[in-house]
Amino acid sequence: NAGVTQTPKFRVLKTGQSMTLLCAQDMNHEYMYWYRQDPGMGLRLIHYSVGEGTTAKGEVPDGYNVSRLKKQNFLLGLESAAPSQTSVYFCASSYSISGRSYEQYFGPGTRLTVT
Amino acid sequence: GENVEQHPSTLSVQEGDSAVIKCTYSDSASNYFPWYKQELGKGPQLIIDIRSNVGEKKDQRIAVTLNKTAKHFSLHITETQPEDSAVYFCAAGTNFGNEKLTFGTGTRLTIIP
C-alpha cells in the first residue's frame, strides 16, 4: 500500500494564480483532511470530508475550496493565491469503527510558496 | 471550539535521560488524545494514543498519562535515544461522529549525544 500520497511535492505560485493540490489514499478510509502547517502554529485544519461527496469547513477555510468526488481522492484548490497561503500542506485520512476514532495517516506534504 | 496548549516549545535532553511534554485542552467533551511524531521533511506519524476511559498507557519507552479532571495529558519518553529527536504534537478530539482533531503547536525535542 502506498498509504497517503500528495501531488505536487513543491510549488511556487505568483499572487493571484490558482492551483489544485491532489491527495490520494488507498486504505479505503472514509475521512479525509487538509491541514496547513506554519512555524509555531502546529497543524490547522482547513477542510475535511466524512465521506464521498461531502465536505466541511475546518478552522481556517477562507481562500480554499475542496472536492471529494471519489472516496480515494481529496482535492484542495486555491482560486487566487495570496502570500499568506505560503505554507506546508498536509493531507490525512482516517476511519472509525462503531464511533471510535482511529489514527490519522498523513501524507508527505506539499510545500507551497506564493510570491 | 477546542483549544489545545502544548509546552514546552523546545526541549533538549541528554541521551538516556527522560523527556516530558505536557498538553492541556479546553473542551470537556474531548475523549481521544493522540500523540504524533514528525521527522524533518515528513508528515506526522502516530506514536501513541489514549482514550478517556483510561488514565495511563505504555508502549515500550513511551507512555501517556491523562487527567480528565484537570484537562491535561502528558507524553513521557524514557531512556531517550538520538532517533527520538523530532517534533512532537499532541491533539484532542471526540468520537461522537465528529472526526476532527485539534493539534497543539508542537515541541521540538533534541537529544544530545
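Refer to the structure above for everything that follows.
Residues numbered from 1 in each chain as written. Chains lettered and ligands numbered in written order. Predicted model: local features only at pLDDT ≥ 70, side-chain atom pairs only at ≥ 80, totals over all residues. Heavy atoms only, no water.

Novice: Would you explain the sheet that holds strand β1 (residues 4-7) of chain A in this entry?
Specialist: Sheet strands pair via backbone hydrogen bonds, and the direction of the pair is either parallel or antiparallel. Residue and element names in this part refer to chain A. The sheet built from four strands is open, its strands ordered β1-β3-β8-β7 with antiparallel pairing. A single partner strand is all that each edge strand has here, and the edge strands are β1 and β7 (65-67). For this sheet the average axis-to-axis angle between neighbouring strands, irrespective of direction, equals 20°. Bridge count between β7 and strand β8 (residues 73-78): three bridges; the pairing is antiparallel. Along β8, the bridge assignment pairs V66 with L76. (Pairing = 2+ DSSP bridges. Helix = DSSP H or I, 4+ residues; strand = E, 2+ residues; numbered from the N terminus. Axes fitted to C-alpha atoms, helices over the stretch in contact; angles between N-to-C directions.)

Novice: Can you walk me through the nonpolar core in this structure?
Specialist: Note that soluble globular proteins tend to have their nonpolar side chains buried in a common cluster. Grouped together as the largest cluster of nonpolar side chains are 23 residues, with contacts concentrated most on B:Y25, B:F33, B:W35, B:F73, B:L75, B:Y88 and B:L109. With residues near it in sequence (within four places) discarded, B:L109 still touches B:L11, B:V13, B:A19, B:I77, B:D84, B:S85, B:A86 and B:Y88. Ranked by size, the runner-up nonpolar core spans 19 residues in total, among them A:W34, A:V60, A:Y64 and A:L78. (Core = buried A, V, L, I, M, F, W, Y, C linked by side-chain atoms within 4.5 Å. Buried < 20%, exposed > 50% of the residue type's maximum accessible area, 1.4 Å probe, protein only. Contact = heavy atoms within 4.5 Å.)

Novice: Before we go on, may I ask you to explain the sheet that holds strand β8 (residues 72-77) of chain B in this structure?
Specialist: All names here are of chain B. If you trace the five strands from one edge of the open sheet to the other, you get β1-β3-β8-β7-β6, paired in antiparallel fashion. Only two strands of the sheet have a single partner each, and these edge strands are β1 (4-7) and β6 (56-59). On average, adjacent strands in this sheet sit at an angle of 15° to one another, irrespective of strand direction.

Novice: What exactly am I supposed to notice about the pattern of salt bridges here?
Specialist: It is possible for side chains of opposite charge to pair when their charged atoms get near one another. All names here are of chain A. The full count for this structure, using the stated rule, is seven salt bridges over all chains. Here E30 makes a salt bridge to K71, at a shortest N to O gap of 2.9 Å. In this pair, E30 sits in the loop between β3 (19-25) and β4 (31-37) while K71 sits in the loop between β7 and β8, placing the two residues 41 residues apart along the sequence. The salt bridge involving R36 is made with D38; its shortest N-O contact spans 2.9 Å. A residue is classified by how much of its surface remains accessible, and R36, at 9% relative accessible area, is buried. What emerges from the salt-bridge pattern is a single network uniting R36, D38 and R44. (Salt bridge = Lys/Arg side-chain N within 4 Å of Asp/Glu carboxyl O.)

Novice: What should I look at first to understand the interface of chain B and chain A in this one?
Specialist: Reports of interface size often rely on the accessible area that becomes lost once the parts have come together. Residue-level contacts link 18 residues of chain B with 21 residues of chain A. Overall, the association of chain B and chain A removes approximately 1,700 Å² of surface from exposure, summing both partners, and the carbon and sulfur fraction of that is 52%. The interface formed by chain B and chain A holds two residue pairs in polar contact (both at pLDDT 80 or more) in total. Only β4 (32-38), β5 (45-51) and β10 (101-103) of chain B provide two or more residues apiece to the side of chain B that touches chain A. No other element matches the three residues that β4(B) contributes to the side of chain B that touches chain A. (Buried area = accessible area lost by both parts, 1.4 Å probe. Polar contact = N/O pair within 3.5 Å; in protein donor to acceptor, adjacent residues only side chain to side chain.)

Novice: Would you mind showing me how to read the packing of aromatic side chains here?
Specialist: Pairs of aromatic rings are described using the distance from one ring centre to the other and the angle between the two planes. Residues and elements named next belong to chain A. Evaluation of the coordinates by the stated rule reveals 13 aromatic pairs over all chains. Arranged with centres 6.4 Å apart and planes meeting at 20°, the rings of Y33 and Y48 form a pair that is stacked. With Y33 in strand β4 and Y48 in strand β5 (residues 43-49), this pair connects stretches of sequence that are 15 residues apart. No difference in accessibility class separates Y33 from Y48, as the two residues are buried. (Phe/Tyr/Trp six-rings, centres within 6.5 Å; stacked < 30°, edge-to-face > 60°.)

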